[in-house]
Amino acid sequence: MEINDDSTFSELEIDTLQEIMNIAFGQASADLADVINVFIVLSVPALKLKKALSLLEFINIEIGDLKNFKIIEQSYWGKSKGVALLAFPHEAELELIAMFREDTGMGFENNMSDELDNEMLIEIGNILIGACVSKMAELLKDVVTFVPPRVISGEQLSEAFVENRFEPENRVILLKTLFQIEGRELSGHLFLVNSLDSIHTLKDALRAFWKQYE
Amino acid sequence: MAAIKKILIVDDSTSARFFIKGCIPKDKGYEIAEASDGAKGVETYKSFRPDVTFMDLTMPVMTGFEAIEHIKAIDPHAVIIVLTADIQAKTIERVTALGVVTVLKKPPVKASVEEALNKIQGI
């Protein structure tokens, strides 16, 4: 494998990271499909390198109007620190909660409330984010520790949110994938944003991954 | 079936194609062709006429599901192994119904790939 040893990634490294996310999100989708009776249509993940400062603008363009989204946010750290953002448009979020309630029986004993809805979203986030990030870490021989997830509105995803996690002027690596629930107008986005503090460690991990197949 | 001579790998990821090639035994003299999406996979199938095709499912231009249907329409006896990250039970049911031989999950593992190829050859 040709490795580009400077502070950016070669096309092949990008392709490998996208493939690793594809594998990891495939696992996460299967885990969710085991819990709620759905078929998740996957798409090809993409990787972007962005200045932390421009992250929100990029996400806003990618998903449309951020204000109309509910976001499950979960920070994690391993060899590098990162944050996962699982974003659903408001209508999709309500439908997903209804499906989750129907298939798991969760929440029937209680009146519907925002708090309960958030709990269900957190549960969905735990499945999708946890399985995806853990699988990526496993493939790259890393171990990650998670901060408990929380639900925020798109409006809360402010510049301060970014600045509290990343140096605004530093670049971050952003992996994104779009997924849809078959037969319903329901789609969501998963963004994994990682600092580039340990880019060389990541390159070493990619090299080791390739080595298995040489 | 008779001995495998030609293998087609259909996957949009260069890395994924490299990984599967790394799992195919090198001492058997297989001739290998590659295609980077489902549509190219169908075209390559027509010209290359592989004995076995490894097919990804999540691809741009034409998905693996569609490519399998096209290939099966051209050649109902086509031997297709799905190699995918999409391991939902419904996915496996659907591609099995389309007539694929087996489904392997990504990332590929040498032992599983060899076992699948050996089974196809009736070893």
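Our structure's up above, just so we're on the same page.
What counts, and at which threshold
- Counting from 1, residues in each chain are numbered in the order their sequence is written.
- A letter from A marks each chain and a number from 1 marks each ligand, given out in the order of writing.
- Only residues with pLDDT of 70 or above have their local features reported here, since the model is predicted, and side-chain atom pairs are shown and tallied only from 80 upward, although totals for entire chains, interfaces and linings are computed over all residues.
- Calculated side-chain values reflect all of the structure's heavy atoms, with hydrogen atoms and water omitted.
- Any carboxyl oxygen of Asp or Glu within 4 Å of a side-chain nitrogen of Lys or Arg constitutes a salt bridge here.
- Where helices and strands are cited, they refer to DSSP runs of H or I of at least four residues and of E of at least two residues respectively, numbered from the N terminus.
- For every residue, the accessible area obtained with a 1.4 Å probe (protein chains only) is divided by the maximum for its type, and the residue is called buried under 20%, exposed over 50%, and partly exposed between those limits.
- We call two residues in contact whenever any of their non-hydrogen atoms come within 4.5 Å of each other.
- By definition, the buried area sums, over both parts, the 1.4 Å-probe accessible area that each loses when the two are put together.
- Whenever two N or O atoms come within 3.5 Å, that pair is a polar contact, provided that in protein one can donate a hydrogen and the other can accept it, and provided that, for residues adjacent in sequence, both atoms are side-chain atoms.
- Each residue gets one of three labels, nonpolar for Ala, Val, Leu, Ile, Met, Phe, Trp, Tyr, Cys and Pro, charged for Asp, Glu, Lys and Arg, and polar for the others, Gly among them.
- Arc, as used here, means the arc of the directions from the helix axis to the C-beta atoms.
- Lines are fitted to the C-alpha atoms to define the axes, a helix being fitted only along its stretch in contact, and any angle between axes, read from their N-to-C directions, falls within 0 to 180 degrees.
- Here roughly perpendicular refers to angles of 65 to 115 degrees, roughly parallel to angles under 35, roughly antiparallel to angles over 145, and oblique to all remaining angles.
- For two strands to pair, DSSP has to find at least two bridges joining them.
- Orienting the strands away from the viewer, one traces the path from the first strand over the helix to the second; a clockwise path indicates a right-handed crossover.
- In this analysis, rings of Phe, Tyr and Trp, with Trp reduced to its six-membered ring, are considered paired at centre separations within 6.5 Å, and the interplanar angle assigns stacked below 30 degrees, edge-to-face beyond 60, and tilted for intermediate values.
- Only when the NZ of Lys or the CZ of Arg is both within 6 Å of the ring centre and within 35 degrees of the ring normal is a charge said to sit over the ring.

Caption draft 1: Main features of the pattern of salt bridges. Residue and element names in this part refer to chain A. Scanning the model with the defined rule gives 20 salt bridges over all chains in all. One salt bridge in this structure joins glutamate 62 and lysine 176, with 2.8 Å as the shortest N-O distance. Taken together, the residues span a long stretch of sequence, with glutamate 62 in helix 2 (residues 55-63) and lysine 176 in strand 7 (residues 171-181) at a distance of 114 residues. Lysine 176 gets classed as buried once you look at its relative accessible area, which sits at 18%.

Caption draft 2: Region of interest: the interface of chain A and chain B. The interface of chain A with chain B comprises 25 residues on the first partner and 25 residues on the second. Overall, the association of chain A and chain B removes approximately 2100 Å² of surface from exposure, summing both partners, and the carbon and sulfur fraction of that is 61%. Among the residues of chain A in contact with chain B, Glu19(A), Phe39(A) and Tyr213(A) are the three that bury the most area, contributing 33% of the side total. Taken together, the links from chain A to chain B amount to two salt bridges. In this structure, the salt-bridge partner of Glu182(A) is Arg94(B), at a minimum N-O distance of 2.6 Å. Linking chain A with chain B are nine residue pairs in polar contact (both at pLDDT 80 or more), by the criterion used here. For the side of chain A that touches chain B, the elements supplying multiple residues, two or more each, are helix 1 (11-35), strand 1 (40-42) and helix 6 (199-211) of chain A. Top element by residues in the side of chain A that touches chain B is helix 1 of chain A. It accounts for eleven residues. Taken together, the residues that form the side of chain A that touches chain B break down as 13 nonpolar, eight polar and four charged.

Caption draft 3: Representation of helix 5 (residues 110-120) of chain B within the structure. All names here are of chain B. Among all positions of helix 5, only Val113, Ala116, Leu117 and Ile120 are buried. For helix 5, the angular spread of the buried residues around the axis is 95°, confining them to a single face. Facing away from the buried surface of helix 5 by more than 90 degrees, the exposed residues are Ala111 and Lys119. Against strand 1 (6-10), helix 1 (14-23), strand 3 (52-55), strand 4 (80-84) and strand 5 (102-105) lie the buried residues of helix 5. Just downstream of helix 5 lies glycine 122, where phi reads positive at about 70°.

Caption draft 4: Broad picture of the packing of helix 1 of chain A against helix 6 of chain A. Residue and element names in this part refer to chain A. Relative to each other, helix 1 and helix 6 sit at 75°, their axes nearing to 11 Å. Between helix 1 and helix 6, the interaxial angle falls into the category roughly perpendicular. From helix 1, Leu12, Glu13, Thr16, Leu17 and Ile20 reach across to helix 6, where they touch Leu202, Lys203, Leu206, Phe209 and Trp210. Here the residues of the contact of helix 1 with helix 6 sort into seven nonpolar, one polar and two charged.

Caption draft 5: Inspection of the pairing of strand 2 (residues 31-35) of chain B at higher detail. Residue and element names in this part refer to chain B. Both strand 1 and strand 2 contribute to a ladder of five bridges, which runs parallel. For isoleucine 7, the partnering residue across the bridge sits in strand 2 and is isoleucine 32. Following the chain from strand 1 across helix 1 to the adjacent parallel strand 2, one finds a crossover that is right-handed.

Caption draft 6: View of the packing of aromatic side chains. Under the counting rule described, the total for this entry stands at nine aromatic pairs over all chains. When the ring of Trp210(A) is compared with that of Phe19(B), the centres are 5.5 Å apart and the planes differ by 70°; the resulting orientation is edge-to-face. Remark: Phe19(B) occurs in helix 1 and Trp210(A) occurs in helix 6; the pair is interchain, linking two chains. There is no split in this pair, since Trp210(A) and Phe19(B) are both buried. Three or more aromatic residues joined by ring pairs make a cluster, and in this case those are Phe209(A), Trp210(A), Tyr213(A), Phe18(B) and Phe19(B). In this structure, Lys6(B) packs its charged tip against the face of Phe48(B), placed 4.8 Å from the ring centre. The aromatic ring of Phe39(A) is capped on one face by Arg94(B), whose charged end is 4.1 Å from the ring centroid.

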